[in-house]
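# Observations on the three-dimensional arrangement
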Amino acid sequence: MKTLIENGIVVTHAGRMTADVLIDGETVVGIAASGSHGWTADRVIDAAGRFVFPGGVDVHTHMELPFGGTFASDDFESGTRAAAWGGTTTIVDFAVQTIGEPMMAGYEAWREKSDGRCAIDYGFHMIVSDVNEQSLKEMDILMGEGVTSFKLFMAYPGVLYSDDGQIFMAMQKAAENGGTIMMHAENGIVIDVLRDQAIKRGETDPIYHAITRPPITESEATHRAIAYAELAGCPLYVVHMSADEAVAEVALARDRGLNVFGETCPQYLYLDWDNLREPGFEGAKYVCSTPVRSREDGHQDALWMALATNDLQVISTDHCPFCMNDHPTLGTQKRLGEGDFTKIPNGIPGVEERMRLIYDGAVSDGRMSLERFVEVCSATPAKMFGMYPKKGTIAVGSDADIVIWNPDVETMMSVDVNHMDVDYSAYEGKTVKGKIEMVMSRGRVLIENDTYHGSPGDGSFIARDTNQYLI
Ligand code: URP
Ligand code: ZN
Ligand code: ZN
């Protein structure tokens, strides 16, 4: 089956041109100036006046993540379908090692949960919760499976936390086997002290989640992670960055030529303490770690600037939804923390909203070029996690993961129109420029005419290569 997308403005990280794209089966087989060729196809799609983007690549999602006594409410089926609705055609999720268990058991459990369920292609990072001799050996095995990145936590003592020695050993292993270390960089030991003191003072509302995780707890941990990565000699990718001071640490390291990279997420670009202070218990909707920051302190502007200058390289979602009210099987998840913010499950939904939110804030608001938008949302995440050029671009030989985007139509963020399995949107009522008119995954049309045409199992597991973004 051949498909021809005609007359669109084809945008990659490298440039844009009015062009026709020929797809044969799952693959892009030709790109040429519109009308300059004699191609025929079984289906011809007119994309005049539209952008033709590579599908979004979201390298930080948590479908079904066990957290705080519950599970993220999107499973692999609903979450990847919602991603497709939002123009994302590849995710990299996180398999989790249970403390005291082999890492491979966690990996196999996540492969099983996701198998035959995903709407789009997907890979896994591995969360290493228990660094020990066996885990270090299993890091080598996972590299062979195409799981080439490992997340460690400097936060959440007693749960996912690794101490400095454990972190350093995992980094030494990554330096040896070519893996990339992903770091949740917050000083969890200090945060727990601040948190317990706040609770003792009766400061139990959602806003105290952010107040007890001040920027210095992020920047100190980021600095320390960079120091250990430099000593060990491994690439370091700092996840979900929100504090200006922490991004400055990444920028300094990059200026010294280190393979240090940073990611931020839409919540840190759009949400702030006013959201956490929403009346009633509504602030719980915005509880995530690192926390959203106060607008007055300039973090949002600093993050946008860092994205524009490549001090930050990637925007992912950290999609980790929990319901406010009754979920049919999971109950009132965020409300576990009513009267005690420390019990609010951490996480915000966003996998469906990222592309439109970022297009609006970056391109429509004039902060970034179209090409840079594609770079931070598709091309660089694909390179960073070893999937390029199959993913992240439109080129001969690439997977035909394509989004046809109408820049002239406004759309709204709302739980009423979203497809994620969660009962709120963190951006409720926000209108953005841009409508996703068609989404293709490996040549198969998943979204067209506001209708989903895919089925569970359309997506395949991606065995990833090593980091392709290294200096
Ligand atoms: O609040 C967050 N970020 N929840 C998901 C788990 C993590 O640390 O990424
Ligand atoms: Zn994290
Ligand atoms: Zn996360």
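Residues numbered from 1 in each chain as written. Chains lettered and ligands numbered in written order. Predicted model: local features only at pLDDT ≥ 70, side-chain atom pairs only at ≥ 80, totals over all residues. Heavy atoms only, no water.

## Some remarks on the coordination of the zinc ion (ligand 3)
Those protein atoms acting as donors to the zinc ion (ligand 3) are His 60 (NE2), His 62 (NE2) and Asp 318 (OD), and they sit at 1.9 to 2.1 Å. One can describe the site at the zinc ion (ligand 3) as irregular: its 4 donor atoms subtend angles covering 88 to 135 degrees at the metal. Coordination of the zinc ion (ligand 3) draws on donor residues from a single chain, spaced H-x1-H-x255-D in sequence. Taken as an interatomic distance, the gap from the zinc ion (ligand 3) to the zinc ion (ligand 2) is 4.0 Å. Looking at His 60, the relative accessible area reads 0%, which means it is buried. Assessed through its relative accessible area of 4%, His 62 is described here as buried. (Donors = N, O, S within 2.8 Å, 3.2 Å for Na, K, Ca; no water. Tetrahedral: all angles 85-135°; square planar, octahedral: opposite > 155°, others 65-115°. Buried < 20%, exposed > 50% of the residue type's maximum accessible area, 1.4 Å probe, protein only.)

## Focus on helix H1 (residues 76-85)
Where burial is concerned, most of H1 is hidden: 8 out of the 10 residues are buried. In this fold, the buried residues of H1 make contact with strand E9 (88-96), helix H2 (103-114), strand E10 (121-127), strand E19 (431-441), strand E20 (444-448) and strand E21 (451-452). The N-cap residue of H1 is Asp 75: its side-chain oxygen and the backbone nitrogen of Glu 77 are 3.0 Å apart. Gly 87 sits one or two residues past H1 and shows a positive phi near 85 degrees. (Helix = DSSP H or I, 4+ residues; strand = E, 2+ residues; numbered from the N terminus. Contact = heavy atoms within 4.5 Å. Polar contact = N/O pair within 3.5 Å; in protein donor to acceptor, adjacent residues only side chain to side chain.)

## Some points on the pattern of salt bridges
Throughout the structure, instances matching the rule amount to 31 salt bridges. Among the salt bridges present, the one from Arg 117 reaches Glu 77, with a minimum N-O distance of 3.6 Å. Placement of Arg 117 in the loop between H2 and E10 and of Glu 77 in helix H1 is noted, with a sequence separation of 40 residues between them. For Arg 117, a relative accessible area of 24% corresponds to the partly exposed category. Notably, a salt bridge pairs Glu 375 with Arg 372, separated by 3.0 Å at the nearest N-O pair. Of this pair, Glu 375 and Arg 372 both sit in helix H13 (residues 370-384), separated by 3 residues, roughly a single helical turn. Three or more residues joined by partner-sharing salt bridges are found here, namely Glu 26, Asp 121, Lys 390, Lys 391, Asp 399, Asp 401 and Arg 442. (Salt bridge = Lys/Arg side-chain N within 4 Å of Asp/Glu carboxyl O.)

## Some thoughts on a negative patch on the surface
A cluster of acidic side chains, namely Asp 244, Glu 245, Asp 274, Glu 296 and Asp 297, defines a negative patch on the protein surface. In this structure, Asp 274 sits in helix H10 (residues 273-276). Residue classification places Asp 274 among the exposed positions, given a relative accessible area of 53%. (Patch = residues over 30% accessible without salt bridge, like charges linked within 9 Å, V, L, I, M, F, W, Y side chains within 5 Å. Areas by Shrake-Rupley, 256 points an atom, 1.4 Å probe, with all protein chains shown as cover. Lys, Arg positive; Asp, Glu negative; His and termini not counted. Charge placed at Lys NZ, Arg CZ, Asp CG, Glu CD.)

## What about the site of ligand 1?
Near ligand 1 there are 13 residues, and of these Lys 151, His 184, Ser 289, Asp 318 and Asn 346 occur at the shortest range. Here an oxygen atom of ligand 1 and a side-chain polar atom of His 62 are 3.1 Å apart. Interatomic distance of 3.0 Å between a backbone N/O atom of Asn 346 and a nitrogen atom of ligand 1. Relative to its free-state accessible area of 260 Å², ligand 1 is covered by the protein chains to the extent of 99%. Class assignment of the residues belonging to the shell around ligand 1 gives a composition of 4 nonpolar, 7 polar and 2 charged. (Near = heavy atom within 4 Å. Nonpolar A, V, L, I, M, F, W, Y, C, P; charged D, E, K, R; others polar.)

## Quick look at the coordination of the zinc ion (ligand 2)
Coordination sphere of the zinc ion (ligand 2), protein contribution only: Lys 151 (NZ), His 184 (ND1) and His 240 (NE2), at 2.1 to 2.2 Å. The sequence pattern formed by the donor residues of the zinc ion (ligand 2) is K-x32-H-x55-H. Take His 184: its relative accessible area is 1%, and that puts it in the buried class. Residue classification places His 240 among the buried positions, given a relative accessible area of 1%.

## Remarks on the environment of Val 374
Residue position: Val 374 is located in helix H13. You can call Val 374 buried: its relative accessible area is 2%. On a C-alpha basis, the gap between Val 374 and Arg 50 in space is 15 Å, while along the polypeptide they are 324 residues apart.

## What about the nonpolar core?
Grouped together as the largest cluster of nonpolar side chains are 133 residues, with contacts concentrated most on Phe 53, Ile 181, Met 183, Leu 236 and Phe 373. The element contributing the most residues to this core is H13, with 7 residues. Leaving out residues up to four positions away in the same chain, Met 183 has contacts with Leu 152, Met 154, Ile 167, Met 171, Ala 225, Leu 236, Tyr 237, Val 238 and Val 239. One finds Ile 5, Val 28, Ala 400 and Ile 404 within the second-largest nonpolar core, a separate group that totals 16 residues. (Core = buried A, V, L, I, M, F, W, Y, C linked by side-chain atoms within 4.5 Å.)

## Some remarks on helix H3 (residues 133-145)
Over its 13 residues, H3 extends 19 Å from the first C-alpha to the last, a length consistent with the 18 Å expected when each residue adds 1.5 Å. Taken together, the buried positions of H3 are Ser 135, Leu 136, Glu 138, Met 139, Leu 142 and Met 143. Considering only its buried residues, H3 is in contact with H2, E10, strand E11 (149-153), helix H4 (164-177) and strand E12 (180-184). Between the side-chain oxygen of the N-cap and the backbone nitrogen of Gln 134 there are 3.0 Å, and the N-cap of H3 in question is Asn 132. Immediately beyond the C-terminal end of H3, within one or two residues, lies Gly 146, with a positive phi of roughly 85 degrees. (Expected span 1.5 Å × (residues − 1).)

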